[in-house]
Amino acid sequence: MSALESILKETRSFPPSDDFRQKAAIPGMEAYNALCDQANDQYLSFWGDLARELLTWKKPFSRVLDDSAAPFFKWFDDGELNVSYNCLDRHLPENANKIALIFEADDGAVTRVTYAELHRRVCQFANGLKSLDVQKGDRVVIYMPMVIEAIVAMQACARIGAIHSVVFGGFSAGALRDRVQDAGARVVITANEGLRGGKTVPLKATTDEAMDMGGCESIEHVVVYRRTDSEPVKWTEGRDVWWHQLVDKQPEQCEPAWMNAEDPLFILYTSGSTGKPKGIQHSSAGYLLGAINSFRWVFDYKPNDVYWCTADVGWITGHSYICYGPLGIGATQVIFEGVPTYPDANRFWRMIEQHKVSLFYTAPTAIRSLIKLGAEAPKQFDLSSLRLLGTVGEPINPEAWMWYYEMVGGGRCPIVDTWWQTETGSAMIAPMPGAVPTKPGSCTLPLPGIMADIVDESGAPVEAGKGGFLVIKKPFPSLVRTIWGDPDRFKKTYFPEEFDGKFYLAGDSAHRDENGYFWIMGRIDDVLNVSGHRLGTMEIESALVANPLVAEAAVVGKPHEIKGEAVVAFVVLKGPRPQGDEARKVADNLKQWVAHEIGKIAQPDEIRFGENLPKTRSGKIMRRLLRSLARGEEIVQDVSTLENPQILQQLQESA
Ligand code: 6R9
């Protein structure tokens, strides 16, 4: 049975245990419905009250929402606050000695950092950035491994009002250059090397490569954290600064910069339908409110929880559910430098046991790969500290869900399948774990205050069981404010005219079942979801055609057992179509080329060569056909409009 079929047939339902429900913040469906009603009836005061309750303001706001320039919404916009103050300082009077971070390094070494210590480190680094003349509103790119200092760097930017843009450490020099250039960043913060799975990642060397590519002229300084003791890195005098020298002798206090609620907190690049990644710009107050509020609701957070999210800070999950939500509420969390399979596939289970993790949040792709490596493995560990499990990034197939529920959660932990996006900033659709019964494969029901719906092309709601576009019908505080430097693209992409510019269009298709539960079906645009990472097909195509051998390329996705989706590239070379060993050799080279151009996550799984691509008479590439070919399906579509139907046969073989 295919993943889609099994989702369509899923009928199992798991209500929370009485014990879980009774202790929960939202204890039962009545409480959940009451909150939804409150949000429906009094939308603005619902959010206004939460903003007053959950955030500490320097200057209170007088207005909740300004929609006069819709879809450029402003929330709490005459209020002032500082995000790092909200994540650190305000916890100190009562919780200075509470552990904020339990850092487990790739090699297993554990470092614990209290809130007081984290505050001190953030202040010192913030002062260090100031000594480099980093000012409010300046952009700072963070290209770091998953270490404590990555969080210190983000929080330090927030403290002085600099806008950070974290670039995932697995991205290539070219991808880093593009992001630095688009953001016009003045500083890059990196490490000499990263460590993952026992291997080093040459972050500084890649940064140097990016700096030398042209386009990074805005960069004045590269701050380098020394993560490993290996050989000295190449050094550019005047530009490069060691982290430890920068913070040395800096005062341990740093007055936070008081920011307007709407001042940008960060930009995070994500893939869309075109070749150029979009700089998703988030606000300070609305974003933080979304992160904190959803964190406490979705994870039913309690002060003595030990929370662990396995994401990297290079993705939105690492922003909202490592750096901002948990710290904003004062939680204790594990952060992990390594990979789930090193030194062996028991790493997660061993860490849960060792750190007595109670809330665990990971991606379906990690779950699927661990099932494959040892379906019985969790049994060897004491996982009784767990009380809730979460997933994010892609749909989870019911089989993997059931395994997670039984093997990891011992049948007692609710699973929160959280649907959201870089653009939404915080979880949108996810079960309130003390209330909403879960169903394997469904992200269930929206959070109170989130007006999610599924509509057809005309914007009318579709009936239960029918697929349609997932939209959010009212703006909410943590929604993307704009695309950095491209407000037109923001408007066109997310508030299209088809819906009178009124609904936020998520870019996913979905359907609801008879209980109103949401089931996400996939993207409606040319975005692939490979191991929970968003990749634009156009981005990969641009990388391929940048290779001197390649004339033309088209990229599609096909289902993959572990990754969810795999990348298949159809390529036309400038020279003759290669065959046999030659084809395999060229394919390998092109795979490496893409890894070098974008990053290993974008590397095609499969490359097929043709003398041409299937095109309509007007020259449009027929991607539908390529998708069928990639999946090995019989072509049932009408091919009579094709300019060159004979090409299909050629493209059936992979290299
Ligand atoms: C948080 C994050 C967003 C896209 C989104 C959707 C897919 C995320 C999902 C899910 C089904 C879930 N997605 N969570 N699909 N169920 N629980 O992943 O952000 O990297 O921007 O990706 O991921 O397609 O549109 P981002």
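What you are looking at is a predicted structure, and each value in this text was computed from that prediction instead of being measured.

Cut-offs applied
- Residues numbered from 1 in each chain as written.
- Predicted model: local features only at pLDDT ≥ 70, side-chain atom pairs only at ≥ 80, totals over all residues.
- Heavy atoms only, no water.
- Near = heavy atom within 4 Å.
- Polar contact = N/O pair within 3.5 Å; in protein donor to acceptor, adjacent residues only side chain to side chain.
- Areas by Shrake-Rupley, 256 points an atom, 1.4 Å probe, with all protein chains shown as cover.
- Helix = DSSP H or I, 4+ residues; strand = E, 2+ residues; numbered from the N terminus.
- Buried < 20%, exposed > 50% of the residue type's maximum accessible area, 1.4 Å probe, protein only.
- Contact = heavy atoms within 4.5 Å.
- Pairing = 2+ DSSP bridges.
- Axes fitted to C-alpha atoms, helices over the stretch in contact; angles between N-to-C directions.
- Salt bridge = Lys/Arg side-chain N within 4 Å of Asp/Glu carboxyl O.
- UniProt positions renumbered as here; feature names shortened; annotations may be inferred.
- Right-handed = clockwise from strand over helix to strand, strands pointing away.
- Core = buried A, V, L, I, M, F, W, Y, C linked by side-chain atoms within 4.5 Å.
- Domains from an automatic or database assignment.
- Parallel < 35°, antiparallel > 145°, perpendicular 65-115°, else oblique.
- Left-handed = near helix turned anticlockwise from the far one by under 90°.
- Nonpolar A, V, L, I, M, F, W, Y, C, P; charged D, E, K, R; others polar.

A.B. asks: It is not clear to me how the site of the ligand should be interpreted in this structure. Could you clarify?
C.D. replies: For the ligand, the set of nearby residues contains 17 residues, the closest of which are Asp417, Thr418, Thr422, Arg523 and Arg534. For the ligand, a nitrogen atom lies 3.2 Å from a polar atom in the backbone of glycine 393. Threonine 418 places a polar main-chain atom, nitrogen or oxygen, 2.8 Å from a nitrogen atom of the ligand. Surface burial for the ligand is 95%, taken as the share of its 530 Å² of free accessible area covered by protein chains. Put simply, the parts of the chain that give the shell around the ligand at least two residues each are helix H13 (316-329), strand S20 (415-418) and strand S25 (518-523).

A.B. asks: Can you walk me through helix H20 (residues 623-630) in this structure?
C.D. replies: Because the α-helix completes a turn every 3.6 residues, residues three or four places apart line up on one side. Of all eight residues in H20, six are buried; the element is thus mostly enclosed. Listed in full, the buried residues belonging to H20 are Arg623, Leu625, Leu626, Ser628, Leu629 and Ala630. Packed against the buried residues of H20 are helix H18 (537-545), strand S28 (550-560), strand S29 (564-573), strand S30 (606-609) and helix H21 (647-650). Directly after H20, the chain includes glycine 632, whose backbone phi takes a positive value near 70 degrees.

A.B. asks: In this structure, what is going on with the sheet that holds strand S21 (residues 452-455)? I would like to understand it.
C.D. replies: The strands making up a sheet are joined through hydrogen bonds of the backbone, oriented either antiparallel or parallel. If you trace the four strands from one edge of the open sheet to the other, you get S21-S22-S24-S25, paired in antiparallel fashion. The sheet is open, and its two borders are formed by S21 and S25, each paired with just one other strand. Direction aside, neighbouring strands of the sheet carry axes that sit 45 degrees apart on average. Here strand S24 (residues 504-512) pairs with S25 via five bridges, running antiparallel. Its bridge partner lying in S25, arginine 512 is registered against phenylalanine 518.

A.B. asks: What am I meant to see in the sheet that holds strand S17 (residues 332-336) here?
C.D. replies: Strand order in this open sheet of seven strands is S5-S4-S17-S16-S18-S19-S20, and the pairing throughout is mixed. Of all the strands in the sheet, just strand S5 (110-114) and S20 have a single pairing partner and so form its edges. Pairs of neighbouring strands in the sheet enclose a mean axial angle of 20 degrees, with direction left out of account. Taken together, the three bridges between strand S16 (residues 306-309) and S17 define a ladder with parallel strand orientation. Across the sheet, valine 306 pairs through a bridge with threonine 332, a residue of S17.

A.B. asks: Would you take a moment to explain the pattern of salt bridges for this structure?
C.D. replies: When the charged atoms of two side chains with opposite charge come close together, those side chains can pair. Counting across every chain of the model gives 46 salt bridges. The salt bridge partner of aspartate 240 is lysine 204, with a shortest N-O separation of 2.8 Å. Of the two residues, aspartate 240 is situated in strand S12 (residues 240-242) and lysine 204 in helix H10 (residues 203-211); the sequence distance between them amounts to 36 residues. Note on aspartate 240: relative accessible area 7%, which makes it buried. Judged by relative accessible area, lysine 204 falls into the buried class, the value being 0%. Between aspartate 525 and arginine 523 there is a salt bridge, with the nearest N and O atoms lying 2.6 Å from each other. When its relative accessible area of 24% is taken as the criterion, arginine 523 is described as partly exposed. Here the residues in one salt-bridge network are Glu117, Arg120, Arg121, Glu149 and Glu252, joined through shared partners.

A.B. asks: How should the UniProt feature "modified residue: N6-acetyllysine" (unreviewed entry) in the protein be read in this particular structure?
C.D. replies: The feature "modified residue: N6-acetyllysine" (unreviewed entry), as annotated in UniProt, sits at Lys620 in this numbering. You can see lysine 620 is positioned in the loop between S30 and H20. In this structure lysine 620 comes out as exposed when scored by relative accessible area, which is 59%.

A.B. asks: Is there a simple way to think about the pairing of S17 in this case?
C.D. replies: On a regular strand, one side chain projects to one face of the sheet and the next to the other, so that they alternate. With five of its five residues buried, S17 lies for the most part within the structure. Alternating positions in S17 separate into two faces, Thr332, Val334 and Phe336 on one and Gln333 and Ile335 on the other, with burial throughout. Relative to S17, strand S4 (residues 99-104) is paired through four bridges, and the arrangement is parallel. Paired with phenylalanine 103 across the strands is isoleucine 335, a residue of S17. Taking the sense of rotation as the criterion, the β-α-β connection linking S16, H13 and S17 turns out right-handed.

A.B. asks: Whenever I open this one, the nonpolar core confuses me. Can you help?
C.D. replies: A general feature of soluble globular proteins is that nonpolar side chains tend to end up buried together. With 174 residues, the main nonpolar core has Phe125, Ile189 and Tyr324 as its most contacted residues. Take this core: its biggest share by element is 10 residues, from helix H8 (residues 148-160). If you count residues domain by domain, this core takes at least three from each of domain 1 (4-49 + 76-453) and domain 2 (531-651). Ranked by size, the runner-up nonpolar core spans 32 residues in total, among them Phe14, Ile352, Tyr404 and Val408.

A.B. asks: It is not clear to me how the pairing of strand S6 (residues 139-143) should be interpreted in this structure. Could you clarify?
C.D. replies: When you tally the buried positions in S6, you get four out of five residues, the bulk of the element. Bridge count for S6 against strand S7 (residues 163-166) is four bridges, and the pairing is parallel. Note that in S7 the partner of valine 141 across the bridge is serine 165. This β-α-β element, S6 to H8 to S7, shows right-handed connectivity. Where S6 meets strand S8 (residues 187-191), four bridges bridge the pair, whose relative direction is parallel. Bridge pairing in S8 places valine 141 opposite valine 188.

A.B. asks: Is there a simple way to think about the packing of helix H9 (residues 173-183) against H10 in this case?
C.D. replies: Axes are the key here: two packed helices are described by the angle between their axes and the distance separating the axes. Between H9 and H10, whose axes approach to 8 Å, the crossing angle comes to 60 degrees. It follows that H9 is oblique to H10 by the angle criterion. Crossing hand, H9 versus H10: right-handed. Together, Ala173, Leu176, Arg177 and Val180 of H9 and Thr206, Thr207, Glu209, Ala210 and Met211 of H10 make up the contact between the two elements. When its residues are assigned to classes, the contact of H9 with H10 shows five nonpolar, two polar and two charged.

A.B. asks: Teacher, can you tell me more about the UniProt feature "domain: Acetyl-coenzyme A synthetase N-terminal" (unreviewed entry) in the protein here?
C.D. replies: Taken from the UniProt record, the annotation "domain: Acetyl-coenzyme A synthetase N-terminal" (unreviewed entry) applies to residues 32-87. Secondary structure across residues 32-87 divides into 48% helix and 11% strand, with the first and last C-alpha atoms of the span separated by 27 Å.

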